[in-house]
Amino acid sequence: MSRSATLFENAQQHIPGGVNSPVRAFAGVGGTPLFFKHAEGAYVVDEDDKRYVDYIGSWGPMILGHGHPEVLDAVRNQLQHGLSYGAPTALEVEMADLVSQLVPSMEMLRMVSSGTEATMSAIRLARGYTGRDSIIKFEGCYHGHSDSLLVKAGSGALTLGVPSSPGVPAAFAQHTLTLPYNDLAAIEQCLKEKGEEIACIIIEPVAGNMNCIPPQEGFHQGLRKLCDEHGVVLIFDEVMTGFRVSLGGAQGHYGITPDLSTFGKVIGGGMPVGCFGGKKEIMSHIAPLGPVYQAGTLSGNPLAMAAGLATLKLVSQPGFHDKLDSYAKRLLAGLQERADAAGIPFTTTQVGGMFGLFFTDNKDIRNFEDAVACDVERFKKFFHLMLDGGVYLAPSAFEAGFVSAAMGETELQITLDAAEKAFKALA
Ligand code: PMP
């Protein structure tokens, strides 16, 4: 029995499902999850000493690759000065200045400890600011696990939301409307009927939690215009896309100015960090400046700020995102070529350092419905074949993949060799 399998068996005694976050259990692909003990550069190493090219990167934060020496030094340096003070620090000021410089819509911002906290707080703020209770989200988008956001669509496009998890009161879910991604007409119709009740629209500007689905041309421009017309706060959830699809995030890439934005993952460089912010006029409603309450014992934690700042400085270097983009493009072109050669219906999507793999011949994937119509069984087999070939992809057909700056020719070759074998085996 492998060490991962033994650990997984033991883990299940005192940890629900053996994991501290559900996707890690491999429920989406079957088999035993790998337990890791080390990570370096482009690779993770499991408890059985097998190395894998890592296309998860801790679900996004490790954009530099693992254990970048400058990030480790920054953390080590802070370590000698203490782990947490629960009081303001110069590091937080530096972080706020840097983020608002890199993402100009972030006129004011607050640090939190996870993406979930960031989106939950941004939504409370939008509600407090507008005095409206309802929110709109999009089918297939994930914004963390706060009650308002664990909601799926009711039976018709304009019906009230229903909880997608037990424990979420139906009365909460009723304030969350869920619309299809990339469908401006649906948003327009909804706002026409209910615009005055809607506090905010929250969106993943490139969807990364239903595989990777980019916005259609003009979608965000239309969304911005509709929000303005109806006095609705537009929230870009850039927890995944921030500092990844471009230095200025998806908003920089598409040239859109949201009212509020949320960040996580890259901004913490691998430490538990989130952030929300935006227009000063709206952010001034947050306590202690204003009446909307929000707080956190470890918010702005100095170790996390040190790791995040070092990471943001490194991703700000000229050409950083071009290199990520070019690796991702070569990766996907190589995969497509090998899938085509094996006669496997296959489509890819990509924006900067994030990508999606779809087992389908649909070349125009727009929304959740398109994502679920793909051949998930084939993905599961592909996932395990790639794992055998030393490549660690997200263990679900409904997650985006991430490249890191530590990837180069060697990793590309390992990945494409594994994929060639995998596609042939699937044919
Ligand atoms: N928003 C998006 C777009 C995410 O992808 C995630 C997590 N994958 C979250 C929010 C929640 O972040 P966290 O897991 O740090 O709470």
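Computed from a predicted structure; not experimentally measured. (Residues numbered from 1 in each chain as written. Predicted model: local features only at pLDDT ≥ 70, side-chain atom pairs only at ≥ 80, totals over all residues.)

(A) Quick peek at the site of the ligand. The immediate surroundings of the ligand are formed by 16 residues, with Ser114, Gly115, Thr116, Gly144 and Val239 found nearest. In terms of residues, the shell around the ligand owes the most to one element, helix H4 (residues 115-130), which gives 3 residues. Classifying every residue of the shell around the ligand by side-chain character gives 4 nonpolar, 10 polar and 2 charged. (Near = placed C-beta within 6 Å. Helix = DSSP H or I, 4+ residues; strand = E, 2+ residues; numbered from the N terminus. Nonpolar A, V, L, I, M, F, W, Y, C, P; charged D, E, K, R; others polar.)

(B) Fine view of unusual backbone geometry. Note that the residue after Ala287, namely Pro288, is joined by a cis bond; omega there is 5°. Turning to its location among the elements, Pro288 is positioned in the loop between helix H9 (280-283) and helix H10 (302-315). Its identity is not glycine, yet Asp49 carries a phi of approximately 70°, on the positive side. Mapping Asp49 onto the fold places it in the loop between strand S2 (43-46) and strand S3 (51-54).

(C) Examining the domain arrangement of the protein more closely. For the protein, the assigned domains are domain 1 (3-67 + 318-426) and domain 2 (69-315). When each unit is reduced to the centre of its C-alpha atoms, the spacing between domain 1 and domain 2 is 25 Å. Each partner contributes residues to the interface: domain 1 has 27 residues there, and domain 2 has 31 residues. At the level of secondary structure, the elements contributing two or more residues to the side of domain 1 that touches domain 2 comprise helix H11 (320-342), strand S13 (347-351), strand S14 (354-358) and helix H12 (368-372). (Domains from an automatic or database assignment. Contact = placed C-beta atoms within 7 Å.)

(D) View of the UniProt feature "modified residue: N6-(pyridoxal phosphate)lysine" (unreviewed entry) in the protein. Taking the UniProt record as the reference, the feature "modified residue: N6-(pyridoxal phosphate)lysine" (unreviewed entry) is found at Lys265. For Lys265, the position within the fold is in the loop between strand S11 (260-264) and strand S12 (274-278). If we ignore the near neighbours within four places in the chain, the residues touching Lys265 are Trp59, Gly60, Pro61, Gly115, Val239 and Met240. (UniProt positions renumbered as here; feature names shortened; annotations may be inferred.)

(E) Region of interest: the environment of Asn211. Inspection of the secondary structure assignment puts Asn211 in the loop between strand S9 (198-203) and helix H7 (219-230). C-beta crowding within 10 Å serves as the criterion here: with 28 such atoms nearby, Asn211 is assigned to the buried category. With 149 residues separating them along the chain, Asn211 and Thr360 place their C-alpha atoms 13 Å apart. (Buried ≥ 20, exposed ≤ 12 C-beta atoms within 10 Å, placed from the backbone.)

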